[in-house]
There are 2 protein chains.
Amino acid sequence: MLEDLEKVKDSILIKGIKTQELSSMLGCLRGVIKKYNKGETVISEGQKLEKFGILIEGNLQIVQYDYIGNKSVISVIQPKQIFGEAFAYVNKVSSFNVEAIENSQVLFLDSNKLSTPCENCCTFHKQLVKNLLFIISNKNVNLTQKIECMSKRTTKEKLLTFLSLESIKNKSKEFYIQYDRQSLADYLGVERSAMSTELSKLRKDGIIEFEKNWFKLL
Amino acid sequence: MLEDLEKVKDSILIKGIKTQELSSMLGCLRGVIKKYNKGETVISEGQKLEKFGILIEGNLQIVQYDYIGNKSVISVIQPKQIFGEAFAYVNKVSSFNVEAIENSQVLFLDSNKLSTPCENCCTFHKQLVKNLLFIISNKNVNLTQKIECMSKRTTKEKLLTFLSLESIKNKSKEFYIQYDRQSLADYLGVERSAMSTELSKLRKDGIIEFEKNWFKLL
DNA sequence: AAAAGTATGTTGGAAATCCAACGAGGTTAT
DNA sequence: ATAACCTCGTTGGATTTCCAACATACTTTT
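Everything numeric in this text was worked out from a predicted model, so none of it was measured.

Student: Describe the environment of A:Gly31, listing the residues and the values that go with them.
Tutor: Structurally, A:Gly31 is set in the loop between helix H2 (19–28) and strand S1 (32–36). Excluding its chain neighbours within four sequence positions, the residues that come into contact with A:Gly31 are A:Met1, A:Leu26, A:Leu107, A:Phe108 and A:Leu109.

Shown next, in the form of structure tokens:
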């Protein structure tokens, strides 16, 4: 398990924690490794979360379904990123699914153990809580930005809001996005075909250029 | 200033912090009190946040505007609640406005001072970070739930998702909501009149009952 | 008490989105 | 190489939402 943790040693979660502390951290936070095949469900809606995950290998998506089956992609999880931490920390039932979109490997840590430092390892506890605060604050910012996109009334405005935020993030008018068309439509909460149509209109009107995942604001 | 802090002494932010520590906390985190009249702007979009606020008295709204002026209400701030903490902690530019909807009084605290405990007051520092983590985790959950509502495709589904989440929160089929019609429409990202029409339909179809802010799921 | 203002519900036509279906181009599997 | 599959863009009709305007009830101001 320690060698798995090695793979994510430059993650934000364990930044500033010494290598020799990692082993006691795994014990103290009840670390468990689980493996998932592509398509498998990692966390189900309604499941009570007590542990949060850090993705060691593979690729995950956080998604929600309505009763008809429409899918909304909340976010994409890359290796070294954590998920489920907010719900786990306040001990709430998950309101989303986490699905493996590639074969994946996840380390779960017990969030209830975070704020109750045992005597022998309180150095990493303090650092871990600080790191977690930073991560959750960032996620908060990202959720707020997703809401900024979704709260626009038309598909065109949603797209332009998303693209301009991406442009700012990448500090460039040109950038690659991490979503394919269907995922982007899910993220923005619109119909894929309608979105494609709007993208074409925006290109025809000379507002953007794009090819596959590459975009340029004009 | 200390007597202002007294008014919010049972807030989640300073829960578990001893009364005699509050004074040193105010000094250490550079506490500042500011007053706002109804309608005034507390935080403007684009403003770099280094302090977060705790509402002492009054009522605030976190809102966003698009370029046409459509308003989206992110959330309502009641006394004892904090705001701007995520953006302040990661030192980002605000992506929202905070507006006073009543005459209000706000205490601002410097979030950069949070993680750098001075020797003489590290007890409350640790507790404060824990409290903040709890608050931000909760907000995270709330943002996720707002996204859950907004990602539904029709106004009817958005309403039903919102109402069923409220019902769960209140652990009852009957409950009062904190939004008036316009604010609710803004929160869900839909047109007020269209929402009114859908509410009437839902009532006619025997799915819900409501009067003003009172709702009942059937 | 009258007037002004606010919140809610209703309406009908304009506009946008959704939905289902299809075609073009590219990739993967056999 | 062929077939099967997937992604993306396009189209047209059905559906939904938006928008502006107005009616009603209730609240606040004068």
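That shown, we press on.
Student: If you had to explain the pattern of salt bridges to someone new, which residues and values would you point to?
Tutor: Per the stated rule, a full pass over the model turns up 14 salt bridges over all chains. Between A:Glu198 and A:Lys201 there is a salt bridge, with the nearest N and O atoms lying 3.5 Å from each other. Residue A:Glu198 and its partner A:Lys201 are located together in helix H7 (residues 192–204), separated by three residues, close to a single helical turn. Among the salt bridges present, the one from B:Asp4 reaches B:Lys7, with a minimum N-O distance of 3.5 Å. In this pair, B:Asp4 and B:Lys7 are both assigned in helix H1 (residues 2–7), three residues apart and thus about one turn of the helix distant. A residue is classified by how much of its surface remains accessible, and B:Asp4, at 12% relative accessible area, is buried.

Student: Quick one: what's the story with the protein's contact with DNA strand D, residue by residue and with numbers?
Tutor: Around DNA strand D sit 16 residues in total, of which A:Arg181, A:Ser200, A:Phe210, B:Thr155 and B:Glu191 are the nearest. Within 4 Å of the protein, atoms of DNA strand D come from sugar and phosphate in 65% of cases. The side chain of A:Arg181 places a nitrogen or oxygen atom 2.9 Å from a phosphate oxygen of DNA strand D. With respect to DNA strand D, the backbone of B:Glu191 contributes an N or O atom lying 2.9 Å from a phosphate oxygen. Here the residues of the surface near DNA strand D are counted per class, giving three nonpolar, eight polar and five charged.

Student: Can you explain the protein's contact with DNA strand C? Please cite residues and give values.
Tutor: Around DNA strand C, the structure places 15 residues, and the nearest of them are A:Thr155, A:Glu191, B:Arg181, B:Ser200 and B:Phe210. Protein-proximal atoms of DNA strand C, defined as those within 4 Å of the protein, fall in sugar or phosphate at a share of 62%. In the environment of DNA strand C, a phosphate oxygen lies 2.9 Å from a nitrogen or oxygen atom belonging to the backbone of A:Glu191. Between DNA strand C and B:Ser196, the relevant distance is 3.0 Å, taken from a phosphate oxygen to a side-chain nitrogen or oxygen of the residue. Counting only elements with at least two residues in the surface near DNA strand C, the list comes to H7 of chain A together with helix H7 (192–204) of chain B. Class assignment for the residues of the surface near DNA strand C results in three nonpolar, seven polar and five charged.

Student: An account of the pairing of strand S3 (residues 51–57) of chain A is requested, with residue identities and associated values reported.
Tutor: Walk down a regular strand and you will see the side chains alternate between the two sheet faces. Residues and elements named next belong to chain A. Counting buried residues in S3 gives five out of seven residues, a clear majority hidden from the surface. Bridge count between S3 and strand S8 (residues 104–110): six bridges; the pairing is antiparallel. Opposite Gly-53, over in S8, you have Phe-108 as the bridge partner. Across two bridges, S3 lies against strand S6 (residues 82–83) in antiparallel orientation. When the bridges of S6 are listed, Ile-54 appears paired with Ile-82.

So, how was this worked out
- Residues numbered from 1 in each chain as written.
- Chains lettered and ligands numbered in written order.
- Predicted model: local features only at pLDDT ≥ 70, side-chain atom pairs only at ≥ 80, totals over all residues.
- Heavy atoms only, no water.
- Helix = DSSP H or I, 4+ residues; strand = E, 2+ residues; numbered from the N terminus.
- Contact = heavy atoms within 4.5 Å.
- Salt bridge = Lys/Arg side-chain N within 4 Å of Asp/Glu carboxyl O.
- Buried < 20%, exposed > 50% of the residue type's maximum accessible area, 1.4 Å probe, protein only.
- Near = heavy atom within 4 Å.
- Polar contact = N/O pair within 3.5 Å; in protein donor to acceptor, adjacent residues only side chain to side chain.
- Nonpolar A, V, L, I, M, F, W, Y, C, P; charged D, E, K, R; others polar.
- Pairing = 2+ DSSP bridges.

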